[in-house]
Amino acid sequence: MVERVNNPHPVRIAVDCMGGDYGLRTILAGVLSVLQRNNNLFIPYLCGSDSEIRNELAYLKATESIRTCCTIEHCSQAFSATVSKAKIWQELPNSSLVRCIALQAEGVVDASISCGETGALFASALFILGKLESVSRPALAAFLPTATGKQTLVVDVGANLASRPEHLVTFAQLGAAYVRSVKNNTAPTIGLLNIGTEPSKGPQEIREAHELLTAAVPGYIGFIEGSSVLSGAVDIVVTDGFCGNVLLKAAEGIFGLIKSVIPQDIAEPEKLFQALEVLNAEKYGAVPFLGIKGTVLKAHGSSSSQAIAAAIDLAISGSKGYQDTKLPPNIDKLERQI
């Protein structure tokens, strides 16, 4: 997780209340848990059905002081899987997913969180907020724990299922800028995910990206295999969104696997499970889109209330860092050359 910073003012966060697999109640329970800890940290803008949100707040026994902290943004349109993901921001402008991003564009909130469909969220963020100058393709980035104790950033983990070599260069630039901003790592090392470390390995697009990265990106050390990601071999792993998403979810699955196979009668299991918590997806809650003009966090569709609370914590502590991913001044020149 990004280290907490001291915010002089509460962070205003729009929450898509209708997008999770487990329903509105689970999302609101996560919001309320953060407010109950410290309602000075953030101001929630709850996007969804006004009547349903009010009913659930009553069911969850939200106090009057907590309810007054919340602003309900009524959304009259429901998300539909039949609508084109690329056009949802046009066809369903008053859906909770789109509205939580639009509030950011209007200057009402500082950050947006949604458990909704990744493609729809990405398209809405891209067209409503726009992308940073010289960024050809924004990406999703997620930190994974490693054996060294530090975290490795994986870019992309699902925004772009297929990526051209020049896009992978942009992902490396975005990842390096992000790590410098939120981790104070001035010289991050970068590896390109591949099926082997030899120069001849991998598809043509990966080999082309390797040549471009070698020539243009400081800190690039070459190919990295999947088996080395969690060892902490590099600070940043660059890949397309398809492979990155598979890698992320496989790493998340390790937590459940280990907990299920460890005998329950071993000595001090609590200490062991506590150590394994670094692999628990609910601890980080959400991942940010890098390269967007704003702070948009994508949470799992299957997020629990604990994961929603973690996503809010992440937005509170890192909202400024997501926007401070200043790219090298020559990146626009690099992309024109490509």
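Model, not experiment: these values are computed from the prediction.

Thresholds, definitions, all that
Residues numbered from 1 in each chain as written. Predicted model: local features only at pLDDT ≥ 70, side-chain atom pairs only at ≥ 80, totals over all residues. Heavy atoms only, no water. Helix = DSSP H or I, 4+ residues; strand = E, 2+ residues; numbered from the N terminus. Buried < 20%, exposed > 50% of the residue type's maximum accessible area, 1.4 Å probe, protein only. Contact = heavy atoms within 4.5 Å. Areas by Shrake-Rupley, 256 points an atom, 1.4 Å probe, with all protein chains shown as cover. Patch = residues over 30% accessible without salt bridge, like charges linked within 9 Å, V, L, I, M, F, W, Y side chains within 5 Å. Salt bridge = Lys/Arg side-chain N within 4 Å of Asp/Glu carboxyl O. Pairing = 2+ DSSP bridges. Axes fitted to C-alpha atoms, helices over the stretch in contact; angles between N-to-C directions. Right-handed = clockwise from strand over helix to strand, strands pointing away. Expected span 1.5 Å × (residues − 1). Arc of directions from axis to C-beta.

### Details of the overall build of the protein
Broken down by element type, the protein carries 12 helices and 11 strands. Evaluated residue by residue, the protein yields a buried proportion of 52% over its 338 residues. Put simply, of all contacts in the protein between residues at least 6 apart along the chain, 73% involve residues at least 24 apart. In the form shown here, the protein has an accessible surface area of approximately 15100 Å², with 54% of it arising from carbon and sulfur atoms.

### Concerning a nonpolar patch on the surface
Together, Leu161, Phe242 and Val246 give the surface a local cluster of nonpolar side chains, amounting to about 320 Å² of exposed area. What makes Phe242 exposed here is its relative accessible area of 51%.

### Concerning the pattern of salt bridges
The tally for this structure, following the rule as stated, stands at 10 salt bridges. In this structure, Arg25 engages Glu56 in a salt bridge whose closest nitrogen and oxygen atoms are separated by 2.6 Å. Here the residue Arg25 occupies a position in helix H1 (residues 24–37), and Glu56 occupies one in helix H2 (residues 50–59), the gap between them amounting to 31 residues. Relative accessible area serves as the criterion here: at 35%, Arg25 is assigned to the partly exposed category.

### Observations regarding the sheet that holds strand E7 (residues 190–193)
Taken together, 11 strands build an open sheet; the order of strands is E3-E2-E1-E4-E11-E10-E5-E6-E9-E7-E8 and the sheet is mixed. Both outer strands of the open sheet, strand E3 (71–74) and strand E8 (220–224), are each paired with one neighbouring strand and no more. Taken pair by pair, the neighbouring strands of this sheet meet at an average axis angle of 30 degrees, ignoring direction. As paired strands, strand E1 (residues 11–16) and strand E2 (residues 42–48) are joined by six bridges and run parallel to one another. Each bridged residue has a counterpart across the sheet, and for Arg12 the counterpart in E2 is Ile43. Packed onto the sheet, helix H6 (residues 118–129) meets strand E4 (111–114), strand E5 (139–145), strand E10 (286–290) and strand E11 (296–299) and runs at close to 175 degrees relative to E11. The sheet contacts of helix H8 (residues 204–216) involve E7 and E8, and relative to E8 the element is tilted by about 165 degrees.

### Structural notes on the pairing of E1
Most of E1 is tucked away, with five of its six residues classed as buried. Between E1 and its parallel partner E2, the chain crosses via H1, and the hand of that crossover is right-handed. Summarising the sheet, E1 and E4 pair through three bridges and their orientation is parallel. Each residue of the ladder has a partner; that of Val15, found in E4, is Ile113.

### Side note on H8
Relative to the 18 Å expected for 13 residues at 1.5 Å per residue, H8 spans 18 Å between its end C-alpha atoms, a close match to the ideal helical length. Within H8 the residues assigned to the buried category are Ile206, Ala209, His210 and Leu213. When H8 is viewed along its axis, its buried side chains cluster within an angular range of 110 degrees and face the same direction. In this structure, H8 carries Glu211 and Ala215 as exposed residues pointing more than 90 degrees from its buried face. Against helix H7 (165–183), E7 and E8 lie the buried residues of H8.

### With respect to the pairing of E5
Among the seven residues in E5, seven count as buried, and that is most of the element. Here E5 shows a buried face lined by Ala139, Ala141, Phe143 and Pro145 and a second buried face lined by Leu140, Ala142 and Leu144. Pairing of E5 with E10 involves two bridges; the strand directions are antiparallel. Along E10, the bridge assignment pairs Leu140 with Phe289. Strand direction decides the pairing type here: E5 and strand E6 (residues 151–155), joined by five bridges, are antiparallel. Within the sheet, the bridge partner assigned to Phe143 lies in E6 and is Leu153.

Interpretation note: all reported values are geometric properties and have no functional meaning in isolation.
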